Amino acid sequence: MEAYTDFAGFYDIFMDETPYTQWARTIQGILDQYRIGKELVLDLGCGTGTLTELLAAAGYDMIGIDCSQEMLNRAIEKRDRSGHDILYLCQDMREFELYGTVKAVVSTCDSVNYLLEPSELETVFRLVNNYLDPGGIFFFDFNTDYKYREVIGDAVIAENRERCSFIWENYFYEAECVNEYEVTVFAEEEDGRYRKFTETHYQKGYTLEEVVRLLAAAGMIFLTAVDADTNGPVTDTSERIFVTAMENGKSGEGTDE
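Since the model is a prediction, treat every value here as computed from it, not as a measurement.

## Focus: the overall build of the protein chain
Counting its secondary structure elements, the protein chain contains 7 helices and 11 strands. For 257 residues, the compact-globule estimate of 2.2 N^0.38 gives 18 Å, and the protein chain sits close to it at 18 Å. Taken over the C-alpha atoms alone, the protein chain extends approximately 60 × 45 × 35 Å along its principal axes. Counting only residues that meet the buried cut, the protein chain has 49% of its 257 residues in that class. In the form shown here, the protein chain has an accessible surface area of approximately 12100 Å², with 46% of it arising from carbon and sulfur atoms. When the 21 basic and 49 acidic side-chain charges of the protein chain are each reduced to a single mean position, those positions are 3 Å apart.

Have a look at this one:
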């Protein structure tokens, strides 16, 4: 899961079309639906903190966890500008620790796809269940196996911005259902020269059936799943899926470790 080092400084530039505001509204609607008030919420795999900031602005008491200190440094810069009281922790989601439980956990931008083994995803689900208050809500998204296989697998994507550009080369491994992508960035330095660097990332495509099974194995209650792009039913061609699950198995406050 080692990624987002040099690329962290340019992440927000290349993610400028990501519908964070829409996602934040969707999350608020889900939390309202399940009567989760403006209480403590964990953003797991928070990256540079864009969604974390939006939820903090909406009144939630936010914690952000990410395994990349470089990404968190950008999140801290945003926090310093906004003045929001957000706690950021540099931790691997496969072994994250909190001081107590939270009312909800959210994880967006296909963070869970970086878990390349189903056992790792189940481990994260168990940790989420452990750190949720009784009846707490877990909202997350994931990219489907269809997206990697049919949409971006073995494709090359290139984009230009004012002071940087990137080339995104995809390689899909059918047997493992894993997508490897090499991101090459050309970034303008202060002296006008351009610096080139490359990062390699790996993500695994999951089916909804796999995710539901792993939630059950981790002790969580699956509630709903919708196509993230249409907000309608999940289909065979859904590329990103929103899932809502509920904590299950604790009789009182606190963790069960």
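Further notes follow.
## Brief notes about the sheet that holds strand 4 (residues 102–107)
Ordered by their spatial adjacency, 7 strands build an open sheet running 3-2-1-4-5-11-10, and the pairing between neighbours is mixed. The open sheet has two edge strands, strand 3 (87–90) and strand 10 (221–227), and neither has a second partner. Mean inter-strand twist for the sheet, computed between neighbouring axes without regard to direction, equals 15°. Bridging between strand 1 (residues 40–44) and strand 2 (residues 61–66) involves 5 bridges; their strand directions are parallel. Bridged to Val41 within strand 2 is Met62. Along the sheet face, helix 4 (residues 69–82) touches strand 2 and strand 3 and points at about 170° away from the line of strand 3.

## Some remarks on the environment of Ala155
Topologically, Ala155 is positioned in the loop between helix 6 (145–152) and strand 6 (156–160). The exposure class of Ala155 is partly exposed, given its relative accessible area of 22%. Taking the C-alpha atoms as reference points, Ala155 and Asn170, separated by 15 residues in sequence, lie 5.3 Å from one another. Ignoring sequence-local partners within four residues, the contact set of Ala155 consists of Trp168, Glu169 and Asn170.

## A word on helix 7 (residues 208–217)
Leu208, Val211, Leu214 and Leu215 are the residues of helix 7 that are buried. All buried residues of helix 7 fall inside an arc of 130° around its axis, so they share one side. In helix 7, the exposed positions angled more than 90 degrees off the buried face are occupied by Glu209 and Ala216. Where helix 7 is buried, its residues meet helix 5 (118–131), strand 5 (132–143), strand 10 and strand 11 (240–246). After helix 7 finishes, the residue Gly219 shows a positive phi value of roughly 95°.

## Some points on the side chain of Thr48
Within the secondary structure layout, Thr48 lies in the loop between strand 1 and helix 3 (50–57). In terms of polar contacts, Thr48 uses its side chain to reach the side chain of Lys78, at 3.1 Å. Aside from chain neighbours lying at most four places away, what touches Thr48 is Ala8, Tyr11, Asp12, Met71, Arg74, Ala75 and Lys78.

## Details of the sheet that holds strand 8 (residues 178–188)
Neighbouring strands of a sheet are bound in pairs by backbone hydrogen bonds; such pairs are parallel or else antiparallel. Spatial ordering of the open sheet is given by 6-7-8-9, a layout of 4 strands whose pairing is antiparallel. Every interior strand has two partners, whereas the edge strands, strand 6 and strand 9 (194–204), have only one. For this sheet, the mean inter-axis angle between neighbouring strands, taken without regard to orientation, is 15°. Packing of helix 6 onto the sheet brings it into contact with strand 7 (164–173), strand 8 and strand 9, and relative to strand 7 it is tilted by some 110°.

## Observations regarding the environment of Ser119
With respect to the element layout, Ser119 can be found in helix 5. Between the alpha carbons of Ser119 and Leu214 there is a distance of 8.3 Å; along the sequence they are 95 residues apart.

## Here's the deal with helix 3
Working note: α-helix, 3.6 residues per turn, so residues spaced by three or four point in the same direction. For helix 3, every residue scored as buried is listed here: Leu51, Thr52, Glu53, Leu55 and Ala56. Elements that come into contact with the buried residues of helix 3 comprise helix 2 (20–33), strand 1, strand 2, helix 4, strand 3 and strand 4. A positive backbone phi angle near 110° is found at Gly59, which sits one or two residues after helix 3.

Criteria and cut-off values
- Residues numbered from 1 in each chain as written.
- Predicted model: local features only at pLDDT ≥ 70, side-chain atom pairs only at ≥ 80, totals over all residues.
- Heavy atoms only, no water.
- Helix = DSSP H or I, 4+ residues; strand = E, 2+ residues; numbered from the N terminus.
- Rg over C-alpha atoms; globule rule 2.2 N^0.38 Å.
- Buried < 20%, exposed > 50% of the residue type's maximum accessible area, 1.4 Å probe, protein only.
- Areas by Shrake-Rupley, 256 points an atom, 1.4 Å probe, with all protein chains shown as cover.
- Lys, Arg positive; Asp, Glu negative; His and termini not counted.
- Charge placed at Lys NZ, Arg CZ, Asp CG, Glu CD.
- Pairing = 2+ DSSP bridges.
- Axes fitted to C-alpha atoms, helices over the stretch in contact; angles between N-to-C directions.
- Contact = heavy atoms within 4.5 Å.
- Arc of directions from axis to C-beta.
- Polar contact = N/O pair within 3.5 Å; in protein donor to acceptor, adjacent residues only side chain to side chain.

Function-wise, these values are silent; they only describe arrangement.
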